[in-house]
Each structure stands twice: as structure tokens, then as C-alpha cells.
Amino acid sequence: MASSNPVFSNPAFQEPGAGRRSPGAAAPTAAQATATQAATDTATTAHLEGMYSAPAAGAIETGRMTVEDTVIKTLGLFAILLVTAVAGWIWTMSSVPATGRPNVLPWIIGAIGGFVMALVVIFGSRTKVRPPLIFLYAAFQGLFIGGISAFFEFIYPGIVVQATLATLAVVGVTLALFASGKIRASARATKIFLVAMVGYLVFGLVNLLLMVFNAPIAGGAFGLYSVKLFGWLPLGVVIGVFVVILAAYSLVLDFDSIQQGVRNGAARQHAWLGAFGIMVTVVWLYLEILRILALLRGNG
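Quick caveat, the model's predicted, so the values are computed rather than measured.

What counts, and at which threshold
Residues numbered from 1 in each chain as written. Predicted model: local features only at pLDDT ≥ 70, side-chain atom pairs only at ≥ 80, totals over all residues. Heavy atoms only, no water. Patch = residues over 30% accessible without salt bridge, like charges linked within 9 Å, V, L, I, M, F, W, Y side chains within 5 Å. Areas by Shrake-Rupley, 256 points an atom, 1.4 Å probe, with all protein chains shown as cover. Salt bridge = Lys/Arg side-chain N within 4 Å of Asp/Glu carboxyl O. Helix = DSSP H or I, 4+ residues; strand = E, 2+ residues; numbered from the N terminus. Buried < 20%, exposed > 50% of the residue type's maximum accessible area, 1.4 Å probe, protein only. Core = buried A, V, L, I, M, F, W, Y, C linked by side-chain atoms within 4.5 Å. Contact = heavy atoms within 4.5 Å. pLDDT = per-residue confidence, 0-100. Axes fitted to C-alpha atoms, helices over the stretch in contact; angles between N-to-C directions. Parallel < 35°, antiparallel > 145°, perpendicular 65-115°, else oblique. Left-handed = near helix turned anticlockwise from the far one by under 90°. Lys, Arg positive; Asp, Glu negative; His and termini not counted. Nonpolar A, V, L, I, M, F, W, Y, C, P; charged D, E, K, R; others polar. Expected span 1.5 Å × (residues − 1).

**Some points on a nonpolar patch on the surface**
So, step 1. Taken together, Val104, Ile108, Ile112, Phe115, Val116, Leu119, Val120, Ile122 and Phe123 make up a surface patch of nonpolar side chains, about 760 Å² in accessible area.
So, step 2. In this structure, Val116 sits in helix H5 (residues 105-124).
So, step 3. Since its relative accessible area comes to 42%, Val116 is described here as partly exposed.

Here it is, written out as C-alpha cells:
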């Protein structure tokens, strides 16, 4: 009997020769039936062995999102980011010989362009995933990261290497813990994360407004982040450590969402969204670590 499930249309699940015998044909003898069954079993076994020995179907063959394909796309986006980061670094430092100061234009352009492209990708992906827009986002983010890194490196030599190594360490440890199953996203932790994120965004907005209006309480280059606790510890360091923990948990949510997309059989194009999400989180993590180190260096 034919099944409505296409999986069971495979010859391995069908009676040999069913539906192909002519109405007037004589029924096969027992010996013929035995020989036919033996031949069929041999062919089926060979077919199954061939299937098991064949390479596993990838994203291209299946047209579905896979973890491996998402990793490749993530590395590709970071390659674009690194190329434009080098350009942003060179552009930023190009004004130092003449003016003695870095050029802030590259990272301002990169920040605005990256923000706009992030909004376009996030809201546009509800109807269709457009990889070229994600490429543009990575390019703008690279310009921003390269420019602002050069700016901080000019003030605090060696800070970029420290921030990069710390970022890689946090990402590596988080990925290792997630892969080993020792850390997972939970409904309760996610609620706490969302509340903390709202609080952090409100604090950032208040700090920005205080800096814009030059409020006395927001003294220092980082505003409220520069306020000293106990007379020596910058408030921004305490907040920064907390935010790094938030960013690490955000990575856990990213990894979990990618796995869920794979389990749901999402289309291959959605791997670009997974790569985009990881890049957003890692960039955020890097910037927070860079700010922590700048506060510590400036405090010293």
C-alpha cells in the first residue's frame, strides 16, 4: 500500500514488483519467489550500505540551514570586517602626522552606516533574507571597529591587543561551555537578561544626555562611567564587567537560536541571519571590553 508520506515511497519500503504484474500473468512459483526475494534483499542491502558510506548531505544539497554552514558564513563576515577594519585604522591614523590627532570621521561613518544597515537587516529579514545587506553591515562595522580601535590605541598603546585577546577568550570559553552542555539558555535566565538589558540601555541613554548637557555629575570622558566608587574604582568598570556577562549570555542565546533553526529545518539563507547575530554580539562584547580597559588605563 502506498503511503502519503513521501519517505515511504522509497523502494526499500515497497513490495518488490507490486503493481507491475500483468492481470493475466501466472503467479510465480515458490522457488522463483524465493530467488526474487533473495535478489531484492541483496540489492536493498547494497543500496543501504551505499547510503551509509556516502558523505553526509550538507547545506547545499539539502537547502537547509546547518551549524557548519553558519560557521562558514560567520567566518566570511568577520573576514570582511577585518579588511575594512584595516582600512578604517589606516584612515584614522592618516591625519596624525599632520595634525597630531587621529581622524574620527572613519568610525563615525562606520557607526552610522552599521546602525542603519543593522536596522534594515533586522526588519527586512522578516520577509526576505538579503545577504548583500549583511555584507554591507560587516563592512561598515569593520570601518567603525578599525577607526575607534586606532583612536584608543593612539591614547593607550597596546590596548587593542588586550581587548582582542580578552574578547576571543570570552567567546571561546562561552562556546566551549555551550558545546559541552554546561551552560544553556533558560526561560528564567532570559527574563533576567532582558530586564538587565533594558536597565543598561536606560543607563546609557541617561549618561548620554548628561554628557550632552555637560552636567557636573557626568564628569570625565565617559560620563557616569568615570564616576569613582570608593574614591578609586570607576563605576564603568563595575558596569562593564556586568555587561560582559550579559554579552556572554547573549552569545549563548545566539548559539541556542542557531541550533533551534537547524532543528526546525530553516532555509539555508537563514544561516546568514545566524552569522549576523553572532557578529552583532561579538562587536558589542569587544567594545565593552575596550571601554573597561580604557577606564582602567585612564584611572591609572
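**Structural notes on the nonpolar core**
So, step 1. Counting residues in each nonpolar core, the largest one holds 58 residues, and the members touching the most others are Leu77, Phe152, Ile159, Tyr225, Met279 and Trp284.
So, step 2. Breaking this core down by element, the ones donating at least two residues are helix H3 (67-93), H5, helix H6 (131-155), helix H7 (159-179), helix H8 (187-212), helix H9 (235-263) and helix H10 (270-299).
So, step 3. Looking at which element gives the most residues to this core, the answer is H10, with 17 residues.
So, step 4. With residues up to four places along the chain from it excluded, the contact list for Met279 reads Leu77, Phe78, Leu81, Tyr137 and Ala138.

**As for the confidence of the model for the protein**
So, step 1. Mean pLDDT over the protein stands at 81; residues scoring 70 or higher make up 76%.
So, step 2. In the predicted structure, residues 1-25 sits below a pLDDT of 50 and forms 10 contacts with residues beyond four places in sequence or in another chain.

**Here's the deal with the packing of H7 against H9**
So, step 1. Where H7 meets H9, the axes come as close as 10 Å, and the angle between the chain directions of the two elements is 45 degrees. One way to sum up the angle between H7 and H9 is to call them oblique. For the pair H7 and H9, the crossing hand works out as right-handed. On H9, the residues that touch Val170, Val171, Thr174, Leu175 and Phe178 of H7 are Val244, Ala248, Leu251, Val252, Phe255, Asp256 and Gln259.

**Considerations on the side chain of Glu153**
So, step 1. Structurally, Glu153 is set in helix H6.
So, step 2. Buried and unpaired, Glu153 has Arg297 as its nearest opposite-charge partner, separated by 6.9 Å.
So, step 3. Other than its neighbours up to four places away in sequence, Glu153 contacts Trp89, Gly158, Ile159 and Val160.

**Here we look at the packing of H3 against H5**
So, step 1. It is at 8 Å that the axes of H3 and H5 come closest, and there the two elements cross at 140 degrees. When the axes of H3 and H5 are compared, the pair comes out oblique. In this structure, H3 uses Gly88, Trp91 and Thr92 to contact H5, whose residues at the interface are Leu105, Pro106 and Ile109.
So, step 2. Here the residues of the contact of H3 with H5 are counted per class, giving four nonpolar, two polar and no charged.

**Regarding the environment of Thr92**
So, step 1. Residue placement: Thr92 occurs in helix H3.
So, step 2. Along the chain, Thr92 and Ser149 lie 57 residues apart, while their C-alpha atoms are 9.3 Å from each other.
So, step 3. In contact with Thr92, other than residues within four places in its own chain, are Pro102, Asn103, Pro106, Gly147, Ala150 and Phe151.

**Observations regarding H3**
So, step 1. Taking 1.5 Å per residue as the helical rise, H3 with its 27 residues ought to reach 39 Å, and the 38 Å between its terminal C-alpha atoms agrees with that figure.
So, step 2. Considered for burial, the residues of H3 that qualify are Asp69, Thr70, Lys73, Thr74, Leu77, Leu81, Thr84, Ala85, Gly88 and Thr92.

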